[in-house]
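Report on the structure
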Amino acid sequence: MSWMTPKRAFIGAAAAEGGTKLNAFDNALLKLGIGNVNLVKLSSVIPAHIEWMEKVHDVPIGMLLPTVYAHIESDEPGMTISAALGVGISEGNEGGLIYEYSGYCTKEEAEEMVRKMVEEGFRVRGWKLKEFRVASAEITVKDKPAAVVAAVVMFPY
Amino acid sequence: MSWMTPKRAFIGAAAAEGGTKLNAFDNALLKLGIGNVNLVKLSSVIPAHIEWMEKVHDVPIGMLLPTVYAHIESDEPGMTISAALGVGISEGNEGGLIYEYSGYCTKEEAEEMVRKMVEEGFRVRGWKLKEFRVASAEITVKDKPAAVVAAVVMFPY
Amino acid sequence: MSWMTPKRAFIGAAAAEGGTKLNAFDNALLKLGIGNVNLVKLSSVIPAHIEWMEKVHDVPIGMLLPTVYAHIESDEPGMTISAALGVGISEGNEGGLIYEYSGYCTKEEAEEMVRKMVEEGFRVRGWKLKEFRVASAEITVKDKPAAVVAAVVMFPY
């Protein structure tokens, strides 16, 4: 077990409304199952031999989890916001890359942005892209503040 | 002892001036007793059974401490800036939530914002709010850059 | 070995272009030898008795490394962007301070900014500045997005 080089990871995305932008963000994290932990923001590399989890299992409240995340909040009615994370996994699962995008755009546009970034990241490293995963969320603001978040959460065990 | 799930925490807020915005922020951290450590920014959950400290005891220079903080700097004379953290503790000290706010406003306005956010955070989780703590600071900019910071610093032991 | 109080550090700066701002930032990190690790952003204090490394040796892909960094990206042709970190080391290597600056300016301007901030940081602490180090990078945007980054990466061993 090591906080330094994570062993497992979870990827997901969610959208939510809330009474404030921060509560909306909090509610989106709760939907992902990571509203009761402490996210420590990372730049964006997947360790070798990572194992992917289908869901976030019970973790102690307030545990520090290294997380790559993209998010955006808005309280402008009618606007659509999206966040996406694109994950590229190398051949042999020797490592991977995560790129993030969030903005006033559709989910498809955010997904397309991160796909291109993953491809460039692999190309400049001379790595071979074996698998591409994407997590994205979109919401159109109505009468309450809204948030979208896409996250890769890493676990030490 | 575990960096992953902190055991103790300190809450405080301070305002300061400095030669630059970053030095003003640095000076505010020094007032709080956390100017000589490395803050690792967290999203905002209080682990279960946390013990609150009255002050930050001597810690090694450069130690990495997980910290939730809100801050804002300004060099516009006449403007008032404030930062606040609101902490809600659940019944039985089974965990808590921290919400942050900073902006061009009074301390009271920042405190009111974080109070509302804590209440919503507890409501959506179905948690019972036993105790509310707030740390806030306010400063009106004069002729030098100024900063306010509110922080919850967590300790592994 | 301790993630909490780093033992060694590397300082460097680089500029790069990329297909997007994020890829340009990624390419600058690759030039520094830290493109395949996870940076955990720190506020900015150098632990006592730190040992400086000439280069980043092989580290596992995706390892979490505490890092102080300044960066800026731009896609506005003709604009010059710079990032600098200034490091002050105290007498007896009892600790040090890092200040960051990035903006639309020359490398020399960014260096001058961090030098002043380091001097003020030492003055307010009553520390004696024995050594000043600076890492900076500058790039003028042409037809592709560009990024500059200055970083102090810390190692647990």
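Residues numbered from 1 in each chain as written. Chains lettered and ligands numbered in written order. Predicted model: local features only at pLDDT ≥ 70, side-chain atom pairs only at ≥ 80, totals over all residues. Heavy atoms only, no water.

1. Thoughts on the nonpolar core
Membership of the largest hydrophobic core comes to 150 residues, with the highest contact counts inside it found for V152 of chain A, V152 of chain B together with V152 of chain C. Filtering out sequence-adjacent residues up to four positions away, V152 of chain C remains in contact with A9, F10, I11, I46, W52, P66, T67, V68, L85, V87 and I98 of chain C. (Core = buried A, V, L, I, M, F, W, Y, C linked by side-chain atoms within 4.5 Å. Buried < 20%, exposed > 50% of the residue type's maximum accessible area, 1.4 Å probe, protein only. Contact = heavy atoms within 4.5 Å.)

2. Description of the interface of chain B and chain A
Every contact between the two is made by 27 residues of chain B and, on the other side, 22 residues of chain A. A per-residue breakdown of the area chain B buries against chain A is headed by M4, S43 and E120 of chain B, which together make up 33% of the total. Counting the contacts that link chain B with chain A gives one salt bridge. The closest approach of N and O atoms between R125 of chain B and D26 of chain A, which form a salt bridge, is 2.8 Å. Where chain B meets chain A, there are ten residue pairs in polar contact (both at pLDDT 80 or more). (Buried area = accessible area lost by both parts, 1.4 Å probe. Salt bridge = Lys/Arg side-chain N within 4 Å of Asp/Glu carboxyl O. Polar contact = N/O pair within 3.5 Å; in protein donor to acceptor, adjacent residues only side chain to side chain.)

3. A closer look at the relation of the copies chain B and chain A
For the pair of chain copies, the relating transformation is a rotation about an axis with a translation along it. If you rotate chain B by 120° and push it 0.0 Å along the axis, it lands on chain A with an RMSD of 0.0 Å. Here the transformation between the copies is reduced to the relation of a three-fold axis. (Least-squares fit on C-alpha atoms with pLDDT ≥ 70 in both.)

4. Regarding the side chain of S44 of chain A
On the secondary structure map, S44 of chain A appears in the loop between β2 (38-41) and β3 (45-46). From its side chain, S44 of chain A meets the backbone oxygen of I98 of chain A in a polar contact 2.9 Å long. (Helix = DSSP H or I, 4+ residues; strand = E, 2+ residues; numbered from the N terminus.)

5. A few points about the confidence of the model for chain A
Scored by pLDDT, chain A has a mean of 95; 99% of the residues are at 70 or more. For this predicted complex, the interface confidence reaches an ipTM of 0.92, while the overall pTM sits at 0.94. (pLDDT = per-residue confidence, 0-100.)

6. Digging into the interface of chain C and chain A
With 22 residues of chain C in contact, the opposing surface of chain A contributes 27 residues. Buried surface at the junction of chain C and chain A, summed over both partners, amounts to about 1800 Å²; 63% is from carbon and sulfur atoms. Of all the secondary structure elements, the ones that give two or more residues to the side of chain C that touches chain A are α1 (21-32) and β2 (38-41) of chain C. Per-element accounting of the side of chain C that touches chain A gives the leading share, five residues, to α1 of chain C. For the side of chain C that touches chain A, the per-class residue count stands at eleven nonpolar, nine polar and two charged. (Nonpolar A, V, L, I, M, F, W, Y, C, P; charged D, E, K, R; others polar.)

7. Quick word on α1 of chain C
Helix length check: α1 of chain C, at twelve residues, gives a terminal C-alpha distance of 17 Å against a target of 16 Å (1.5 Å per residue), a fit within 8%. Buried residues of α1 of chain C: N23, A24, F25, D26, N27, A28, L29 and L32 of chain C, and no others. Its buried side turned inward, α1 of chain C meets β7 (96-103) and α2 (107-125) of chain A together with β1 (8-17), β2, β5 (64-74) and β9 (146-155) of chain C. (Expected span 1.5 Å × (residues − 1).)

8. What about the sheet that holds strand β8 (residues 129-140) of chain A?
Residue and element names in this part refer to chain A. On the basis of which strands lie adjacent, the open sheet formed by four strands has the order β3-β7-β6-β8 and antiparallel pairing. Each end of this open sheet is capped by a strand with a single partner; those strands are β3 and β8. As defined by bridge partners, strand β6 (residues 80-90) adjoins β7 across eight bridges and the pair is classed as antiparallel. Looking at β7, one finds that G88 is bridged to L97. In this fold α2 packs onto β6, β7 and β8, with an angle of close to 150° to the strand it touches most, β7. (Pairing = 2+ DSSP bridges. Axes fitted to C-alpha atoms, helices over the stretch in contact; angles between N-to-C directions.)

9. With respect to the pairing of strand β9 (residues 146-155) of chain A
All names here are of chain A. Within β9, ten of the ten residues are buried, which leaves the element mostly enclosed by the surrounding structure. The two faces of β9 match: A146, V148, A150, V152 and M154 on one face and A147, V149, A151, V153 and F155 on the other face are all buried. Where strand β5 (residues 64-74) lies against β9, eight bridges are found, and the strand directions are antiparallel. Within β9, the position partnered with H71 by the bridge is V149.

10. With respect to the environment of F132 of chain B
Residue and element names in this part refer to chain B. Note that F132 resides in strand β8 (residues 129-140). Assessed through its relative accessible area of 23%, F132 is described here as partly exposed. Considered as a pair, F132 and S90 are 42 residues apart in the sequence and their alpha carbons are 9.2 Å apart. Contact partners of F132, with chain neighbours within four places excluded, come to G86, V87, V114, R115 and V118.

11. Considerations on the packing of α2 of chain A against α1 of chain C
One way to put it is that α2 of chain A packs onto α1 of chain C with a least axis distance of 10 Å and a crossing angle of 25°. One element, α2 of chain A, and the other, α1 of chain C, form an angle in the roughly parallel class. Between α2 of chain A and α1 of chain C lies a crossing of right-handed hand. In this structure, α2 of chain A uses M117, E120, G121, V124 and R125 of chain A to contact α1 of chain C, whose residues at the interface are L22, N23, D26, N27 and L30 of chain C. Of the residues that constitute the contact of α2 of chain A with α1 of chain C, the class distribution is four nonpolar, three polar and three charged. (Parallel < 35°, antiparallel > 145°, perpendicular 65-115°, else oblique. Left-handed = near helix turned anticlockwise from the far one by under 90°.)

12. Digging into the sheet that holds strand β3 (residues 45-46) of chain C
Residue and element names in this part refer to chain C. A sheet is described by the order of its strands in space; here four strands give the open sequence β3-β7-β6-β8, paired in antiparallel fashion. Two strands bound the open sheet, and with one partner strand each, they are β3 and β8 (129-140). The strands touched by helix α2 (residues 107-125) within the sheet are β6 (80-90), β7 (96-103) and β8, with β7 carrying the most contacts at an inclination of about 150°.

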